[in-house]
2 protein chains.
Amino acid sequence: QGEQKPFQRVIDVSCGDPHRAGMPPLSFARQVLAVCLYPELLKESSFPVDVRQRAEKLLGACNGGSVGSYSASSCGIPQIQKSVAEFITRRDGGVASDPEDIIFSSGSQKTLKLVLHLLSSGQGPTQTGLLTPLPCPHTLPMLLDEVGVKLVPYQLLEERGWAIDLEELHRALKAARRHCEPRAIYISNPGNPTGHVQDLKTIEEVIRFAASERLVLLVEEVYQDSVFGQDKKFLSYKKVLFEMGASFSESVEMVSFHSISAGTMGECGLRGGYMEVINMDLLVKNFLTSMQGPSSPPVLPQLALEIMVNPPSPGDASYEVFTQEILQKVETLAQNAQRACEFLNAVPGMSCQPAMGGVFLYPRLHLPAEIIQEAQRSGLRADVLYCKKLLEEEGVCLGPGSENGHDDENYHIRLCISAPTAVLEDVLKRLRSFHLWIQDRHH
Amino acid sequence: QGEQKPFQRVIDVSCGDPHRAGMPPLSFARQVLAVCLYPELLKESSFPVDVRQRAEKLLGACNGGSVGSYSASSCGIPQIQKSVAEFITRRDGGVASDPEDIIFSSGSQKTLKLVLHLLSSGQGPTQTGLLTPLPCPHTLPMLLDEVGVKLVPYQLLEERGWAIDLEELHRALKAARRHCEPRAIYISNPGNPTGHVQDLKTIEEVIRFAASERLVLLVEEVYQDSVFGQDKKFLSYKKVLFEMGASFSESVEMVSFHSISAGTMGECGLRGGYMEVINMDLLVKNFLTSMQGPSSPPVLPQLALEIMVNPPSPGDASYEVFTQEILQKVETLAQNAQRACEFLNAVPGMSCQPAMGGVFLYPRLHLPAEIIQEAQRSGLRADVLYCKKLLEEEGVCLGPGSENGHDDENYHIRLCISAPTAVLEDVLKRLRSFHLWIQDRHH
Ligand SMILES: Cc1ncc(COP(=O)(O)O)c(C=O)c1O
Ligand SMILES: Cc1ncc(COP(=O)(O)O)c(C=O)c1O
């Protein structure tokens, strides 16, 4: 409204939207997509040869050799379903993936909504409940509301780096059974917004829990390529499930979600991804495919997905540059995570668990009683008021922990660390100066 | 299955998918999109200056200046909503369009499904019915089935070039009221698959009918830029509605659908379009926007839509080429329509109404009794059997009229004429040879 502000521009790091924050796209991906859109570029010599080869191959998989045609069926382009299944098989050290289990999506949130819609039924004590970690991705509570599924909270253990706890799962399930019918459990690994990366033992426990309680496993693994914690690595639920033997691998119903929005691709604007659907009824699979229609899925996000699961190999002309860009991104994430965590832990009245993967930090705020009371007077939660003031005073947009489902007296904020280092520094400085000001004002 | 066939390749002209059939894309559109994906191309001098300017402008409207970021809101990019509204206002000779009435879609079929879903309610005599032209677009009957809306047929008048008839509308409505609750009327203009283009009088009649019977008007106007019949021009329902005065323009509920798949753009693979929602409750509008989510619509289809509604202007570097390409496309359509119609009318046992717009012809088949009996024996409709055999014998895939909702003893086939002239010639020759063979065999 024309008011003078002490900052030049607003920085929004409340969502996982790396390009918006200034992270560059992967050159190989954008080059291939540009050539697919305008094949005349094939004649220009400025692109590496593998860009041209990949574009020709992808166009060959499109109807009429054009990204302008509908894809073959409502399942999308069969060759790309196959590429995704091969990627999963490689990733999981040989545990086979069936191309028919791969369903393309216009973003993982959309397919998650479809799956939840399918699970949704009943009212009151028969209403479907979803075991949901707190904190959970900030998009989830609203989504559950929309599809009429009850959020059944299980607390992650902050003091243990936001680990999942088996006893807590049992407690949560038991408590919930009085109010609704829990039919599924949601997992985000690497964790959004916690940055926690689950280990083998935890995953096995969760799978056993899901199996014995007959819960469908809904696993968001969109940050699988963004693990940077010392000695941490990504383990897929699928791999663990299949290594637990047939009694599990042939019975536990599971959906794993992946997305081109997340991780090193970060192509949020293209809207694409896939889910792998395991041990689900064929009817369910067909329903999920048809619900996304009518008509076939968009072509370009499928091509981007193919590039994500089939990056350049050693020897390819783009290999060096591609590998550099990926390394750079993961390196930036790792450095940002460490830098931000140390920085925030040094601010009085803040504490932050280190992140091992993903793109968020989720620090805790120790707020003066006065701001909590002020918030109560204006009918807001204190973390919401805090973020509102932070935006007004410093032009920094962070997410309040309320959006991540937290509604107790522990206040948190969420910030995306997939941003250029200079942007992150700017965010941290403005945040500290605001936080000190808030505390000062109230002492 | 390795069997030898007398043809080299299958030609599929059963759907409106011009790029698949070999029609070239619009260079300007593809150039701008390629640059938006890979802005490094801005440095290359080979693109016309307005391509670069447009790409810069569009990127400026994207969050973070990148097609890789989520759009501003679930409504999409506000500047593009505005561009679309301005396009409609220009098209309709000044009848204003409100950007807030524009809802982006991932293809018009998807939004049509959402709207029908919203209208769907009841069972038996209270089930929602949709007044639907016969023939209708081949995607519609299945769509109605999926959302539980009853198809209430009104017959178009073949002998009058598939015109709509007011008396028939009244008859259809009256007949339907015994079985369901008709709540809306569907219009395809220019007609899919008929090629009919409605005149002012007809449109006024339909609007008066909808107003007095309190039916929501669902108007697919996706071929609005593809009218080629002598002295025919496209008139939008919106324009006519607003020129009928406030008693209509302030009360008749209407949704008009447009798509980048159709007409001269023909970008079926990108999956994009919009609907303009008129006189609908704000709650309905918000619901339609939110139902498409969660999260924002894909960016590239929005950019393609912007290019569709804002083509190069006189004086722009790309204007000449663009105008040539458009002319060429409409010219090809017009010539194909005329050529195919004359050709088919000269085949014994076929008759075809001339098309005035759109991308389909819908000729009638006069079939020997023997093939009708053969079809009955195998539990198929004769048009379905005909198309099946045509594919097997001649490698040409056309659509049987059954898919367009026709289920009486008049048999039709549907063919897309948005194809290179040589492809169309090939289709026509194979079709004639098959048709003569079928008739011969049975005499
Ligand atoms: C848990 C989680 N799921 C999904 C996504 C991506 O959603 P989509 O694929 O719909 O863009 C994100 C964020 O980028 C996320 O953090
Ligand atoms: C009546 C009609 N609606 C819509 C479309 C396009 O559908 P979509 O926008 O979903 O690609 C077509 C065909 O191209 C059509 O003929």
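- Going by the annotation in an unreviewed UniProt entry, the name recorded for chain A is alanine transaminase, with Poecilia formosa given as the source organism.
- Of chain A, the UniProt comment under Subunit (unreviewed entry) reads exactly: "Homodimer."

1. Observations regarding the site of ligand 2
1) Next: The environment of ligand 2 is made up of 14 residues, and the closest members are B:N192, B:E220, B:Y223, B:S259 and B:S261.
2) Next: Of the chains in the model, those with residues near ligand 2 are chains A and B.
3) Next: Here an oxygen atom of ligand 2 sits 2.5 Å away from a polar atom, N or O, in the side chain of B:S261.
4) Next: Take B:R271: an N or O atom from its side chain is 2.7 Å from an oxygen atom of ligand 2.
5) Next: Isolated, ligand 2 exposes 400 Å² of accessible area, and the fraction of that covered by the protein chains is 96%.
6) Next: Its residues placed into classes, the shell around ligand 2 shows five nonpolar, seven polar and two charged.

2. Quick word on the pairing of strand β6 (residues 216–220) of chain B
Residues and elements named next belong to chain B.
1) Next: Taking burial as the measure, the five residues of β6 include five buried ones, the bulk of the element.
2) Next: Residue alternation in β6 divides its side chains into two sets, V216, L218 and E220 and L217 and V219, and both sets are buried.
3) Next: Across five bridges, the pairing between strand β5 (residues 181–188) and β6 is parallel. Of the residues in β6, the one forming a bridge with S188 is E220.
4) Next: Between the parallel elements β5 and β6, the chain passes through helix α8 (residues 200–213) in a crossover that is right-handed.
5) Next: Pairing of β6 with strand β7 (residues 254–259) involves four bridges; the strand directions are parallel.

3. Observations regarding the interface of chain A and chain B
1) Next: On the side of chain B, 45 residues touch chain A, which itself brings 45 residues to the contact.
2) Next: For the pair chain A and chain B, the two sides together bury roughly 3,800 Å², of which 55% comes from carbon and sulfur.
3) Next: On inspection of chain A and its partner chain B, the count reaches zero salt bridges.
4) Next: In this structure, the connection of chain A to chain B is made through 20 residue pairs in polar contact (both at pLDDT 80 or more).
5) Next: Where the side of chain A that touches chain B is concerned, the elements lending two or more residues are α1 (18–21), α2 (27–37), α5 (108–119), α11 (282–292) and α12 (299–309) of chain A.
6) Next: Residues of the side of chain A that touches chain B, tallied by class, amount to 18 nonpolar, 19 polar and eight charged.

4. Notes on unusual backbone geometry
1) Next: Along the chain, A:N189 connects to A:P190 via a cis peptide bond; the corresponding omega equals -10 degrees.
2) Next: By secondary structure assignment, the location of A:P190 is in the loop between β5 (181–188) and α8 (200–212).
3) Next: Cis geometry marks the peptide bond from A:N192 to A:P193; its omega dihedral reads 5 degrees.
4) Next: As for its position among the elements, A:P193 is in the loop between β5 and α8.
5) Next: Phi is positive for B:N279, close to 60 degrees, though the residue is something other than glycine.
6) Next: Structurally, B:N279 is set in the loop between β8 (273–278) and α11 (282–292).

5. Side note on the sheet that holds β5(A)
Residues and elements named next belong to chain A.
1) Next: Read across the open sheet, the seven strands follow the order β2-β8-β7-β6-β5-β3-β4; overall the sheet is mixed. Both outer strands of the open sheet, β2 (102–105) and β4 (150–155), are each paired with one neighbouring strand and no more. The average undirected angle you get between the axes of adjacent strands in this sheet is 25 degrees.

6. Description of the UniProt feature "domain: Aminotransferase class I/classII large" (unreviewed entry) in chain A
1) Next: In this numbering, the UniProt entry assigns the feature "domain: Aminotransferase class I/classII large" (unreviewed entry) to residues 74–431 of chain A.
2) Next: Secondary structure content for residues 74–431 of chain A is 42% helix and 16% strand, and the end C-alpha separation is 47 Å.

7. Brief notes about the side chain of B:T111
Residue and element names in this part refer to chain B.
1) Next: If you trace the backbone, T111 turns up in helix α5 (residues 108–119).
2) Next: Side-chain polar atoms of T111 contact the backbone oxygen of G107, separated by 3.4 Å.
3) Next: Setting aside its immediate chain neighbours within four residues, T111 contacts F104, S105, F257, M275 and Q292.

8. Observations regarding the site of ligand 1
1) Next: Taken together, the neighbourhood of ligand 1 is formed by 14 residues, with A:S108, A:N192, A:E220, A:S259 and A:S261 sitting nearest.
2) Next: Near ligand 1, the surrounding residues belong to chains A and B.
3) Next: Contact between ligand 1 and A:E220: a nitrogen atom at 2.5 Å from a side-chain N or O atom of the residue.
4) Next: A:Y223 is positioned with one of its side-chain polar atoms (N or O) 2.7 Å from an oxygen atom of ligand 1.
5) Next: For ligand 1, whose accessible area on its own is 400 Å², the fraction buried by protein is 96%.
6) Next: Split by residue class, the shell around ligand 1 holds five nonpolar, seven polar and two charged.

9. Some words on the sheet that holds β5(B)
All names here are of chain B.
1) Next: Strand order across the open sheet formed by seven strands is β2-β8-β7-β6-β5-β3-β4, with mixed pairing between neighbours. Single-partner strands in this sheet number two, and they are β2 (102–105) and β4 (150–155). Geometrically, the sheet is characterised by an average inter-axis angle of 25 degrees between neighbouring strands, direction not taken into account.
2) Next: Note that β7 and β8 share six bridges and pair antiparallel. Note on β8: the bridge partner recorded for H258 is Y274.
3) Next: Seen against the sheet, helix α4 (residues 78–91) touches β2, β7 and β8 and runs at an angle of roughly 115 degrees to β2.
4) Next: Against the sheet, helix α6 (residues 140–147) touches β3 (128–134), β4 and β5, its axis set at about 175 degrees to β3.

What counts and how
Residues numbered from 1 in each chain as written. Chains lettered and ligands numbered in written order. Predicted model: local features only at pLDDT ≥ 70, side-chain atom pairs only at ≥ 80, totals over all residues. Heavy atoms only, no water. UniProt positions renumbered as here; feature names shortened; annotations may be inferred. Near = heavy atom within 4 Å. Polar contact = N/O pair within 3.5 Å; in protein donor to acceptor, adjacent residues only side chain to side chain. Areas by Shrake-Rupley, 256 points an atom, 1.4 Å probe, with all protein chains shown as cover. Nonpolar A, V, L, I, M, F, W, Y, C, P; charged D, E, K, R; others polar. Buried < 20%, exposed > 50% of the residue type's maximum accessible area, 1.4 Å probe, protein only. Helix = DSSP H or I, 4+ residues; strand = E, 2+ residues; numbered from the N terminus. Pairing = 2+ DSSP bridges. Right-handed = clockwise from strand over helix to strand, strands pointing away. Contact = heavy atoms within 4.5 Å. Buried area = accessible area lost by both parts, 1.4 Å probe. Salt bridge = Lys/Arg side-chain N within 4 Å of Asp/Glu carboxyl O. Axes fitted to C-alpha atoms, helices over the stretch in contact; angles between N-to-C directions.

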